Amino acid sequence: MTQSHDLLAELADIDPASELAQARATRDAATRHTQGSYEVLFSQQEADFPLAERVALAAQVAEWHGAERLRAHYAAHQAFQPLGDAARQTQALAFARRLTFEPVDAAPEHIQALRDAGWSARGVVTLAQLVAFISFQSRLLAGLRLLQGEEVSPPPRAAVADRWHSAERTASGQTAPTAFTQAELGWEPWLAAKPLAEFDAEEQAILARFGHSDSDYFRLLARNQPVLEQRTLTDKGIFYTAGGLSRAERELAATVASKINGCIYCASVHARKAAQLSKDKDAVQKLLNVAPGAALSHGQSPRWAADIDFAASLSVTPPVASQAQLQALRQQGLDTLAQLDLVQSTAFFAWANRLMLTLGEPFLPSDAQG
């Protein structure tokens, strides 16, 4: 993708000669495909989700996340028009608000309400992607401004574990997990995944290249494949790169964000990876066992406690991460590149959790029961 400019560098006032600019250049794939995700979402000309609705919703979601510079950017877009009170826009706004503040409250009937209001299956997926992307973009901007030395805002509250699903059955009647776990879980969509046979040869090749062909989740997101492709490349640029923050700590950050957002499925995947890479399954389980309302870093090593406190504070809505927390990371030996890795790994799961929570739910495979 041709990158015309770097929106986040512009909004964060990043000095091109700074250590942060160098760190972002080192993480070139993450930087390019974050921009690429933005460019795809706000360049598609589609009747089922017009650009005017996209930028209006983006401005509102950015405001909810406390990202004033980002809100102003979208509000100044040439396509911007205030949302009206038509059913499709009213339902979209309610969906976006839930996905912003309480993604764990999402349910199949909310997707059906969008469909009843005239949203296509592709439109629903793109709407979820847009709201989740702004959740990521706003946290990434907050983190970059902190790394620039700016105190984004005084923390108004402590970041603590939030609630999660407690229903014992999924919408389809399967056994649902009711606690965070390192076990492997299944995930079922509330909106039908696109059948593989309905993708053309080029689209099937893209799915195969990323290992998405057999996944209901990714074939659902592939209803808007250009957005999915940029998102996947962003993910790989953040998590699968050499140097900087250890892979175990990046997976730890993903787990912390998932605890904050109540995403049992994402937490299971990334807690398992964090445990394997760190060879400290007990420390990871201690994190997973934290009850709602409690601090996530209790009982952890000093370095992991600093990682966890920062990731938790960046994950709440709006984010409350602080310079004091960055200083604690520096005291634990994290340089600018490692700090950037922590910001990006945490912020990405503001995106991932919101998709997983709003488009489907986890279940316990039969071999994991009993």
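Reading the values: rules and limits
By convention here, each chain's residues receive numbers from 1 onward along its written sequence. Two thresholds apply to this predicted model, a pLDDT of at least 70 for residue-level local features and 80 or more for giving and counting side-chain atom pairs, whereas whole-chain, interface and lining totals are computed over all residues. Only hydrogens and water are set aside; all other atoms, that is, all heavy atoms of the structure, feed into the side-chain values. By definition, any uninterrupted DSSP run of H or I lasting at least four residues is a helix, any uninterrupted run of E lasting at least two residues is a strand, and each is numbered from the N terminus. Buried residues are those whose accessible area, probed at 1.4 Å on protein chains only, stays under 20% of the maximum for their type, while exposed residues exceed 50% and partly exposed ones sit between those limits. All accessible-area figures derive from a Shrake-Rupley calculation using a 1.4 Å probe, and residue coverage is judged against the displayed protein chains alone. Lys and Arg are tallied as positive, Asp and Glu as negative. Neither His nor the chain termini are counted. Throughout, a charge is located at the NZ atom of Lys, the CZ atom of Arg, the CG atom of Asp or the CD atom of Glu. The span you would expect from a helix comes to 1.5 Å times its residue count less one. Any two residues having at least one pair of non-hydrogen atoms within 4.5 Å are treated as being in contact. Side-chain rings of Phe, Tyr and Trp, where Trp is taken by its six-membered ring, are said to pair if the distance between their centres is within 6.5 Å; with planes under 30 degrees apart they count as stacked, over 60 as edge-to-face, and otherwise as tilted. For a Lys NZ or an Arg CZ to count as sitting over a ring, it must be within 6 Å of the ring centre and within 35 degrees of the ring normal. Taken from the helix axis, the directions to the C-beta atoms give the arc we talk about. Joining through side-chain atoms within 4.5 Å is the link that ties buried Ala, Val, Leu, Ile, Met, Phe, Trp, Tyr and Cys residues into a set, and such a set is a nonpolar core.

S.K.: Which residues make up the overall build of the chain, and what are the values?
M.R.: Within the chain, the regular secondary structure consists of 17 helices and two strands. Oriented by its inertia axes, the alpha-carbon framework of the chain measures out at about 55 × 55 × 40 Å. Classification of the 370 residues of the chain by burial places 58% in the buried group. Counting only carbon and sulfur atoms, one obtains 50% of the accessible surface of the chain, whose full area is about 14,500 Å². Charged side chains in the chain number 33 positive and 41 negative. The centres of these two groups are separated by 2 Å.

S.K.: How would you summarise helix α11 (residues 225-239) if you had to cite specific residues and measurements?
M.R.: With 15 residues, α11 should cover 21 Å at 1.5 Å per step; its first-to-last C-alpha distance of 21 Å lies within 8% of that length. Most of α11 sits out of view: 11 of its 15 residues are buried. The complete set of buried residues in α11 reads Gln225, Val227, Leu228, Gln230, Arg231, Thr232, Leu233, Thr234, Gly237, Ile238 and Phe239. Where the residues of α11 are buried, they touch α3 (28-41), α8 (121-147), α9 (201-209), α10 (216-221), α12 (247-261) and α17 (336-359).

S.K.: Let's hear about the packing of aromatic side chains: which residues, and what values?
M.R.: Inspection of the entire model under this criterion finds 16 aromatic pairs. With 5.5 Å between their ring centres and 45° between their planes, Tyr38 and Phe42 make a pair best called tilted. Phe42 matches Tyr38 in its accessibility class, with the two residues each being buried. Aromatic pair Phe239 and Phe349: ring centres 5.7 Å apart, planes at 90°, arrangement edge-to-face. Highlighted residues: Phe239 in helix α11 and Phe349 in helix α17, separated in sequence by 110 residues. For the pair formed by Phe239 and Phe349, the shared burial category is buried. In this arrangement the basic side chain of Arg88 is found over the ring face of Trp119, its NZ or CZ atom lying 4.0 Å from the centre. Sitting above the plane of the Phe180 ring, Lys259 keeps its charged end 4.4 Å from the centroid.

S.K.: How would you explain helix α16 (residues 323-331) if you had to name every residue and give the values?
M.R.: Among all positions in α16, only Gln323, Gln325, Leu326 and Leu329 are buried. The arc that holds every buried residue of α16, seen down its axis, measures 160°, which confines them to one face. Exposed residues lying more than 90 degrees from the buried face of α16 are Ala324 and Gln331. Buried-residue contacts for α16 involve α8, α15 (302-315) and α17.

S.K.: Just give me the short version of the side chain of Ser315, but keep the residues and values in it.
M.R.: Mapping Ser315 onto the fold places it in helix α15. Once residues lying within four places of it in the same chain are set aside, the contact partners of Ser315 are Arg139, Ala257, Ile260, Asn261 and Thr346.

S.K.: Account for the environment of Ala107, with residues named and values stated.
M.R.: Mapped onto the secondary structure, Ala107 falls in the loop between α6 (87-101) and α7 (108-116). On the accessibility criterion, Ala107 (13% relative accessible area) is buried. Remark: the alpha-carbon pair of Ala107 and Leu196, spanning 89 residues in sequence, is separated by 25 Å.

S.K.: Outline the nonpolar core, listing residues and values.
M.R.: In this structure, Phe42 and Ile134 are the most contacted members of the largest nonpolar core, which totals 121 residues. If one sorts the elements of this core by residue count, α8 sits on top with 17 residues. Ignoring anything within four residues of it in the chain, the contact list for Phe42 reads Leu51, Arg54, Val55, Ala58, Tyr74, Leu130 and Ile134.

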